[in-house]
Each structure stands twice: as C-alpha cells, then as structure tokens.
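# Coordinates in review
Okay, here's what each chain looks like letter by letter:
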Amino acid sequence: MKPETAAKKLGVLLEATPEEFRSAPVTRDEYNALQADPPEWLQTLRREGPHPRPVVAAKLGISNSGLARGGITEPLTTAEIKALLAAPPEWLVRERATQAEVRAEKLRVADRDRGRAAMREAESGGRGR
C-alpha cells in the first residue's frame, strides 16, 4: 500500500514519519508487523504527535468539521490537545456539546429502529419474509 494509506491506517501524520517509511510502499506483512510490534518512532508519534486531523478530532471529542469551525487547520501534538482540554475555548465547548447531541440522536434512532424491527418480527409471527 502507499505510505499515505499506511500512515492513515496507523493513525499517524505521514510528514512526521521517517523518510524510509515515506519513500517506499508498505507491504501487508510490513503493516501487520508495525501494528503488532510498533517501532520506537511509531510509538512516539502515537504518544506525542503531531497527530492527523481525525486523531485530533477524536482526542478532543469533536468532529473533523468541528475542528475546521474552530479554526484548527494544522496537526496538533498531544501537549497542545491536553492544553485545549484543560482550558477549553468557547468553540471547543460548543463543538463537544454538538457532538454529544449527535451521539444521543444516533442512539435514539438506533433504539427506534430496533423497536420497529422487533414489532415487524412480532407481527410476522417470527417467520422470515
């Protein structure tokens, strides 16, 4: 796979990886080895960053769009993320509330759909359609 794809799957910023990682395709076996026994550089990147947007968003508990609305366009380190969480700016508080509402709505819809499926199952007498 391309180094870009491997970096994305590993949850690290490609630009922060060693040159030898960026310069050659990564085989499935190499990728599996990186997952199973990450080298020091990969452990450090995962622990300290800089982190790619999806990882930053997940660590902040918001969406990628929320990052953009908050003006975060560059990768952040773990220390920068912790500082934002320790003293959250107004935009982060708002985005975290929005994300909580989205999660609650997803749960509500999933519960509703399970209930509807159970009703259909009961109405059909347990027979498959």
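Rules used in this analysis
Residues numbered from 1 in each chain as written. Predicted model: local features only at pLDDT ≥ 70, side-chain atom pairs only at ≥ 80, totals over all residues. Heavy atoms only, no water. Helix = DSSP H or I, 4+ residues; strand = E, 2+ residues; numbered from the N terminus. Expected span 1.5 Å × (residues − 1). Buried < 20%, exposed > 50% of the residue type's maximum accessible area, 1.4 Å probe, protein only. 1 Å grid on protein atoms, 1.4 Å probe; cavity = no way out; pocket = protein on both sides within 12 Å on 5 of 7 lines; lining within 4 Å. Points joined across faces, edges and corners; volume = space filled by probe spheres on them. Nonpolar A, V, L, I, M, F, W, Y, C, P; charged D, E, K, R; others polar. Domains from an automatic or database assignment.

## Observations concerning helix α8 (residues 90–123)
Taking 1.5 Å of rise per residue, the 34 residues of α8 would be expected to cover 50 Å, and the 50 Å separating its terminal C-alpha atoms lies within 8% of that figure. Along α8, the residues classified as buried are Trp 91, Leu 92, Glu 95 and Gln 99. Just downstream of α8, Gly 125 is the residue with a positive phi angle, here 70°.

## Observations regarding the layout of surface pockets
Of the voids in this model, the largest pocket is the one considered here, and its volume is about 210 Å³. As for the largest pocket, its lining consists of 14 residues, of which Lys 8, Val 12, Leu 13, Pro 52 and Pro 54 are closest to the centre. For the lining of the largest pocket, the secondary-structure elements that each account for two or more residues are α1 (3–10) and α5 (53–60). Residue composition of the lining of the largest pocket, grouped by class: eight nonpolar, two polar and four charged. Two domains share the lining of the largest pocket, each providing at least three of its residues, namely domain 1 (1–48) and domain 2 (53–128).

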